[in-house]
Amino acid sequence: MALRDVLLSVAQTPHRLRRRALVTWTPAQELNEVRDRSGARMARRLEWYDLVGLGVGGMLGAGVFVTTGRVARDTAGPAVFVSYVVAGVSALLSSFCYAEFAVRVPVAGGAFSYLRVTFGEFVGFFGGANILMEYVLSNAAVARSFTDYLASTCGVTEPNAWRVEVEAIAKGYNALDFPAVALILLLTVCLCYSTKESSTLNMVLTAFHLLFFAFIIVASFWNGSARNMVTPGGLAPYGVRGVLDGAAVVYFSYIGYDSASTMAEEIRDPARALPVGIAGSVLIVSALYCLMSVALCVMLPYTEITESAPFSSAFRDKAGWRWASNVVGAGASIGIVASLLVAMLGQARYLCVIARARLVPAWLAKVHPSTGTPMNATIFLGLCTASIALFTELQIVFEMISIGTLLAFYLVANALIYHRYAKLGATRPLHVLLFLLLLTLSSIGFSLSRRIDGKWRWGMALFGAMSVAVVAIFHCTAQQGATRPPSEWTVPLMPWPAAASVFLNVFLMTTLKVRSFQRFGIWSLVITIFYVCYGVHSTYTAEENEIVNAMIHDANADILS
């Protein structure tokens, strides 16, 4: 591109932003002309049980083996199972919103596609880029945790025994994790080969993983003591605040159901399979998370839980079952592989669809004609994930995890309300936007009141009542969306489930540490700059070219006629 063209594009940036930032696409356009930009189409080879397996496999290994021990020891105490209940309820409500959108827009873009058809290009890109960041970071964290459990399987107790420490690199980034890199690269090759075979591999791994879960739960209750749940500091030694703070941290464990929604293009019967797969997997996993967290805290007092491979350590040090410690390490390793497999499936499809929208280079959107997989996106993100897993310690990664997921789920819940009432129904858009603004503000007021000492209970009561009143008034005054075919699944009792999802996501976001918001702010600035400097110009230029080509085609047709 010539310097003159670059300068012209820069000068036209405000105009192009006005033209592109709020432009929306219809579900029909997403399903046809936008999807055709990938060339070959993804093969529809998955059934509803594949989706349940992908959802369960994607969530199980990530949370219970990576965050449970840390949250139980430092944040929530033995009441960590309550943290999982809170996070599970929020995830279930969000999964309902995802399921309805996935049925209406069965493409691989997940939150990006749902937000783009509702609020426009920039909001879609902002939400999609945030959850994509969450995928890459959480996958890096899960891969490094795999090294801990694999070492534990072989009887190695030193956390960094299988990592290479380099003194010349800054602390926190100097423990090089080559087993994690090898795992990520191996799974990248598998995912490039076939989605159906990857799903079959996940089903096998998940079946073994569930057997290990059953063993851990039974053995923990057999060898543990209920007294450990209340000593030394009681069930909730860090108080209600600690339990809720823990819920925000463990929330990233539920990102796996979002991966299931990104498989919508590869499902044979999306209308039936997506609601069952997305919501059903959340319910199953929530129950297992609660049982596993109780099992860990029954085994030993929360103050003695180790940071590295806590389940293996509990069996080795307290139960005296060294052989069981090795078995648990092997089971955790298998579960982590399944979780990583599904999450890497999801992240590649996010990037593929963002590339279809021309917001990142178009070569990332290509689907390989013989394998039916987004090979370029899979390889690119596999290399990014491996790079982070090689250098970055878990604690640094954890500080960025959850906030992007919570924000994306918050935006999707807002989008469902707006789509149902403003785009499909007869309610005026301004009325719906005002409701969403008041709901968000009252949710923020409730959440911040909890953090203020003194008369915080009055503030919580006031803003909580205000949130309920706002939803009730909107429910009574707004007109429901247009009627839909009987085959389409919809969220019942709207707008209450989506409004509750908005409230809970805001609430959980306010429990995160300041450093999480600082790093999130930096990432959001990077996203915005990238969109202004590249995305808006790429989509604007592509639109102009399409208009010109359409005019030439019409002119040629007139001449021939």
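- Looking at an unreviewed UniProt entry, one finds the chain named Cationic amino acid transporter C-terminal domain-containing protein, with Triticum aestivum as its source organism.
- Under the UniProt heading Sequence similarities (unreviewed entry), the note attached to the chain is "Belongs to the amino acid-polyamine-organocation (APC) superfamily. Cationic amino acid transporter (CAT) (TC 2.A.3.3) family."
- Per UniProt, the comment on the chain under Subcellular location (unreviewed entry) is "Membrane".

## A word on the environment of Ala-141
Okay, step 1: Here Ala-141 shows up in helix H8 (residues 121–153).
Okay, step 2: By relative accessible area, Ala-141 is classed as buried at 0%.
Okay, step 3: Residues Ala-141 and Thr-385, spaced 244 residues apart in sequence, show a C-alpha to C-alpha distance of 9.3 Å.

## Regarding the nonpolar core
Okay, step 1: Counting residues in hydrophobic clusters, the biggest one holds 163 residues, and the most contacted among them are Phe-65, Tyr-98, Tyr-254, Tyr-257, Phe-311 and Ile-417.
Okay, step 2: At 19 residues, helix H15 (residues 322–356) tops the list of elements feeding residues into this core.

## Regarding a nonpolar patch on the surface
Okay, step 1: Judged by side-chain polarity, Leu-434, Leu-437, Leu-438, Leu-441, Ile-444 and Leu-448 come together as a nonpolar surface patch covering roughly 510 Å² of accessible area.
Okay, step 2: Among the secondary structure elements, Leu-434 is positioned in helix H19 (residues 429–451).
Okay, step 3: Here Leu-434 falls in the partly exposed class, since its relative accessible area comes to 46%.

## Comments concerning the confidence of the model for the chain
Close inspection of predicted coordinates is inappropriate in any region flagged by low pLDDT.
Okay, step 1: Here the chain averages 80 in pLDDT, and 86% of its residues register 70 or above.
Okay, step 2: Within the chain, helix H21 (residues 496–509) carries the highest mean pLDDT (90), whereas helix H17 (residues 394–398) carries the lowest (61).

## Overview of the packing of helix H5 (residues 68–76) against helix H6 (residues 80–104)
Okay, step 1: Orientation of H5 relative to H6, taken along the N-to-C sense of each, is 110°, at an axis distance of 9 Å. Considered as vectors, H5 and H6 are oriented roughly perpendicular to each other. Here Thr-68, Val-71, Ala-72 and Ala-76 of H5 come into contact with H6, specifically with Val-80, Ser-83 and Tyr-84.
Okay, step 2: When its residues are assigned to classes, the contact of H5 with H6 shows five nonpolar, two polar and no charged.

What counts and what doesn't
- Once a new chain begins, its residue numbering starts again from 1 and follows that chain's sequence as written.
- For this predicted model, a pLDDT threshold of at least 70 governs which residues receive local features, and a threshold of 80 or more governs which side-chain atom pairs are given and counted, while totals over whole chains, interfaces and linings are taken from all residues.
- Based on all heavy atoms of the structure, the side-chain values leave hydrogens and waters out of the count.
- UniProt positions are given in the numbering used here, feature names are shortened, and annotations may be inferred rather than shown by experiment.
- By definition, any uninterrupted DSSP run of H or I lasting at least four residues is a helix, any uninterrupted run of E lasting at least two residues is a strand, and each is numbered from the N terminus.
- When accessible area is computed with a 1.4 Å probe and restricted to protein chains, residues below 20% of their type maximum are described as buried, those above 50% as exposed, and intermediate ones as partly exposed.
- To qualify as a nonpolar core, a set must consist of buried Ala, Val, Leu, Ile, Met, Phe, Trp, Tyr and Cys residues joined through side-chain atoms within 4.5 Å.
- Candidates for patches are residues over 30% relative accessible area with no salt bridge; among them, like charges are joined within 9 Å and nonpolar side chains (Val, Leu, Ile, Met, Phe, Trp, Tyr) within 5 Å.
- Here the accessible surface of atoms and residues is derived via Shrake-Rupley with a 1.4 Å probe, and residues count as covered only by protein chains that are part of the display.
- The term salt bridge refers to a pairing of a side-chain nitrogen on Lys or Arg with a carboxyl oxygen on Asp or Glu at a separation within 4 Å.
- Confidence of the predictor in every single residue is expressed as pLDDT, which spans 0 to 100.
- Where helices are involved, their axes are fitted lines through C-alpha atoms of the stretch in contact, as for all axes, and angles between N-to-C directions lie from 0 to 180°.
- Convention used here: angles under 35 degrees read as roughly parallel, angles over 145 as roughly antiparallel, angles from 65 to 115 as roughly perpendicular, and any remaining angle as oblique.
- Should any heavy atoms of two residues lie within 4.5 Å, those residues are counted as being in contact.
- Just so you know the grouping, Ala, Val, Leu, Ile, Met, Phe, Trp, Tyr, Cys and Pro go in nonpolar, Asp, Glu, Lys and Arg go in charged, and all remaining residues, Gly too, go in polar.

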